[in-house]
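# Observations on the three-dimensional arrangement
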Amino acid sequence: MEKEEFENYIKAGKILKTVQDNARKKAKIGMKLLDLAESIEKEIFDAKAGMAFPVNLSANNLAAHYTPSFNDETLIEEKDILKIDIGVHVEGFIADASFTVDFSEENSKLVEATEQALENALSMIKIGTQIGKIGEEIEKTITSFGFKPIENLSGHGLMKFIAHASPSIPNISKNDSRTIEEGKAYAIEPFASTGKGRVKEATKTEIFEFAKQIPLRNLDARKIQAKAIEEFNGLPFAERWLMKEFGETKTKIALRELLLKGSISGHPILKEDKDILVSQAEHTIIAFNEEIHITTK
Ligand code: CO
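Nothing here was measured: the structure is a model prediction, and the numbers come from that model.

## Some thoughts on the sheet that holds strand 10 (residues 200-210)
- Spatial strand order, 2-12-10-11: 4 strands in an open sheet with antiparallel pairing. Strands at the two margins of the open sheet, each flanked by one partner only, are strand 2 (62-64) and strand 11 (237-238).
- Across 2 bridges, strand 2 lies against strand 12 (residues 264-271) in antiparallel orientation. In the strand pairing of strand 12, Ala-64 is matched with Leu-270.
- Helix 7 (residues 248-261) contacts strand 10, strand 11 and strand 12 of the sheet and is inclined by roughly 100° relative to strand 12.

Here you go:
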């Protein structure tokens, strides 16, 4: 990794940290999730950085990939466990971090389980640490709190303009002898659940990502495909971002065509069973100059 790349990773992490601290202060019971998402995204924009993905605001049994829709009226409720997952990039170099807000303060153990799992994972990670061992540490910690790690959600590598690169960093013990390597960036993100520790896809999808360039007839679809490539740089984007420009109906029609033709793919909301609660904590690290740097702390 070049020094300049490293510096961009650090810059992205610093911006994210500031935005995250502000989000912690802004998030209040009774607030619209849409207002929170837009205010976080505006801060990233004002910092002259890019969005690595739409702000994820997944509450309660929703674990990931919920970003408010265009006219979302959902409010933060008194009992919500809200995961705020933010991604920032500088010249394509990504910082990805999340935290959980427990509005009722009745679920502090659940929140602590992922925070502690993340801490423990970060303190054991060195260059050469086996990926499978990180999952083992996360699982051990979350289990010790009496919860289940979510086995089918994982941390991931980060590459220029790629928010989810290989390898996956498991949240459970795995036989994976691949290691943390010099010059690479990773997001470590444990999830803890009061349920069985498995998420499934909901039918609702708010987040999409460019997949393949396809010749298209529909003008809006063509414009959106071009945006997905040039403006979003192949990174995930929100349906609501497009609706501001194209309107609701035209966006829906265009996205349907893009999905059907394979130009884009969707990231459906990932959820645990009803009435189950999920917490998450996440930081980005880079292995550079034989040291591990936490960029988002
Ligand atoms: Co992540």
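Now, onward.
## Some points on the domain arrangement of the chain
- Split by domain assignment, the chain resolves into domain 1 (3-199 + 273-294) and domain 2 (202-269).
- Put simply, the middle of domain 1 and the middle of domain 2, counted by C-alpha atoms, are 25 Å apart.
- With 24 residues of domain 1 in contact, the opposing surface of domain 2 contributes 16 residues.
- When the two sides are added together, the surface that domain 1 and domain 2 hide from each other amounts to roughly 1700 Å², 64% of it contributed by carbon and sulfur.
- Ranking the residues of domain 1 by area buried against domain 2 places His-65, Phe-70 and Phe-161 at the top, with a combined share of 37%.
- One can count 2 salt bridges joining domain 1 with domain 2.
- Here Glu-41 and Arg-240 are joined by a salt bridge, their closest N and O atoms 2.8 Å apart.
- Top contributing element to the side of domain 1 that touches domain 2 by residue count: strand 1 (residues 50-59), with 6 residues.
- Taken together, the residues of the side of domain 1 that touches domain 2 sort by class into 16 nonpolar, 6 polar and 2 charged.

## Considering the coordination of the cobalt ion
- Listed as protein donors to the cobalt ion are Asp-96 (OD), His-156 (NE2), Glu-189 (OE) and Glu-282 (OE); their distances from the metal cover 2.1 to 2.4 Å.
- One way to put it: the 4 donor atoms around the cobalt ion meet at angles of 80 to 171°, and that makes the site irregular.
- In the primary sequence, the donor residues of the cobalt ion line up as D-x59-H-x32-E-x92-E. One end of the pair, Asp-96, is in strand 4 (residues 93-102); the other, Glu-189, is in the loop between strand 8 (185-188) and strand 9 (191-193), and 93 residues separate them in sequence.
- Relative accessible area serves as the criterion here: at 2%, Asp-96 is assigned to the buried category.

## Notes on the sheet that holds strand 1
- One open sheet accounts for 3 strands, arranged 1-3-4; its pairing is antiparallel. The open sheet has two edge strands, strand 1 and strand 4, and neither has a second partner. Each neighbouring strand pair of the sheet contributes to a mean axis angle of 10°, computed without reference to strand direction.
- Pairing between strand 1 and strand 3 (residues 81-90): 7 bridges, direction antiparallel.

## Examining the pattern of salt bridges
- Applying the stated criterion across every chain, the model contains 22 salt bridges.
- Asp-46 is the partner of Lys-42 in a salt bridge, and the nearest nitrogen-oxygen pair spans 2.7 Å. Residue Lys-42 and its partner Asp-46 are both found in helix 2 (residues 33-46); the two are separated by 4 residues, about one turn of the helix.
- Take Asp-46: its relative accessible area is 42%, and that puts it in the partly exposed class.

Reading the values: the criteria
- Every chain is numbered on its own, with residues counted from 1 as its sequence reads.
- In view of the model being predicted, local features appear only for residues whose pLDDT reaches at least 70, and side-chain atom pairs are presented and counted only at 80 or more, with totals across whole chains, interfaces and linings using the full set of residues.
- For the side-chain quantities, the full set of heavy atoms in the structure was used; hydrogens and water were omitted.
- At least two bridges found by DSSP between two strands is the condition for calling them paired.
- A helix here means a DSSP run of H or I that spans at least four residues, while a strand means a run of E at least two residues long, and both kinds are numbered starting from the N terminus.
- Throughout, a contact is declared for two residues whenever any of their heavy atoms are within 4.5 Å.
- Axes here mean lines fitted to C-alpha atoms, for a helix over just the part in contact, with angles spanning 0 to 180 degrees between N-to-C directions.
- Note that the domain bounds reflect an automated or database-derived domain assignment.
- Summed over both partners, buried area is the accessible surface (1.4 Å probe) that two parts give up on being assembled.
- Whenever Lys or Arg places a side-chain nitrogen within 4 Å of a carboxyl oxygen from Asp or Glu, that contact is recorded as a salt bridge.
- Throughout this entry, Asp, Glu, Lys and Arg are counted as charged residues, while Ala, Val, Leu, Ile, Met, Phe, Trp, Tyr, Cys and Pro are counted as nonpolar. The remaining residues, Gly among them, count as polar.
- Sites may look incomplete because water is not among the atoms; the donors themselves are N, O and S atoms within 2.8 Å of the metal, or within 3.2 Å for Na, K and Ca.
- Note on geometry labels: four donors, all angles 85 to 135 degrees, give tetrahedral; four donors become square planar and six octahedral when opposite donors are over 155 degrees apart and every other angle is between 65 and 115; remaining cases are irregular.
- Partly exposed residues are those whose accessible area sits between 20% and 50% of the maximum for their type, while under 20% is buried and over 50% is exposed, using a 1.4 Å probe and protein chains only.

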